[in-house]
Amino acid sequence: DAIQSALTELNNIAQDPWEIRNDKLYKQFVLADFVSAFGFMTSVAILAEKQNHHPEWFNVYKKVIIELTTHEAGGISDKDFELARAIEKLAAA
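Here is what the cut-offs are and how they apply
- Residues numbered from 1 in each chain as written.
- Predicted model: local features only at pLDDT ≥ 70, side-chain atom pairs only at ≥ 80, totals over all residues.
- Heavy atoms only, no water.
- Salt bridge = Lys/Arg side-chain N within 4 Å of Asp/Glu carboxyl O.
- Helix = DSSP H or I, 4+ residues; strand = E, 2+ residues; numbered from the N terminus.
- Buried < 20%, exposed > 50% of the residue type's maximum accessible area, 1.4 Å probe, protein only.
- Pairing = 2+ DSSP bridges.

### Observations concerning the pattern of salt bridges
For the coordinates displayed, the defined rule picks out five salt bridges. For Glu19, the salt bridge identified is with Arg21, shortest N-O distance 2.8 Å. Two residues, Glu67 and Lys24, come together in a salt bridge whose shortest N-O distance is 3.8 Å. Of the two residues, Glu67 sits in strand E4 (residues 63-68) while Lys24 sits in strand E2 (residues 24-30), which places them 43 residues apart along the sequence. Both residues of the pair, Glu67 and Lys24, count as buried. Through salt bridges that share partners, Lys24, Glu56 and Glu67 make up one connected network.

Given below as structure tokens:
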């Protein structure tokens, strides 16, 4: 229930919704081109490093897939939602 509630709150600020897939917080971002996608990933990497919480991700051309999970917690935690909210603010800018 706590995860579903946090997901609903996150999706209230997201342009496109995050989902739970394979016990991870999941979202696909589609950017203008490869350079934009790589720049976005670089900005997310800086946020992740500051939070000491790193995404699992995949990039092909202009598509970036981000999956968040907290390995030491054995699944999704507040850390994942905190990073997802920061990613959303970055994506909206």
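### Points about the pairing of E2
Most of E2 sits out of view: five of its seven residues are buried. Sheet topology note: the strand E1 (residues 19-21)/E2 ladder contains three bridges and is antiparallel. Among the inter-strand pairings, Ile20 is bridged to a residue of E2, identified as Leu25. Linkage of E1 to E2, two consecutive antiparallel strands, is achieved through a turn of two residues, within which Asn22 is found at a positive phi near 50°. Bridge count between E2 and E4: six bridges; the pairing is antiparallel. Across the sheet, residue Lys27 finds its bridge partner in E4, namely Ile66.

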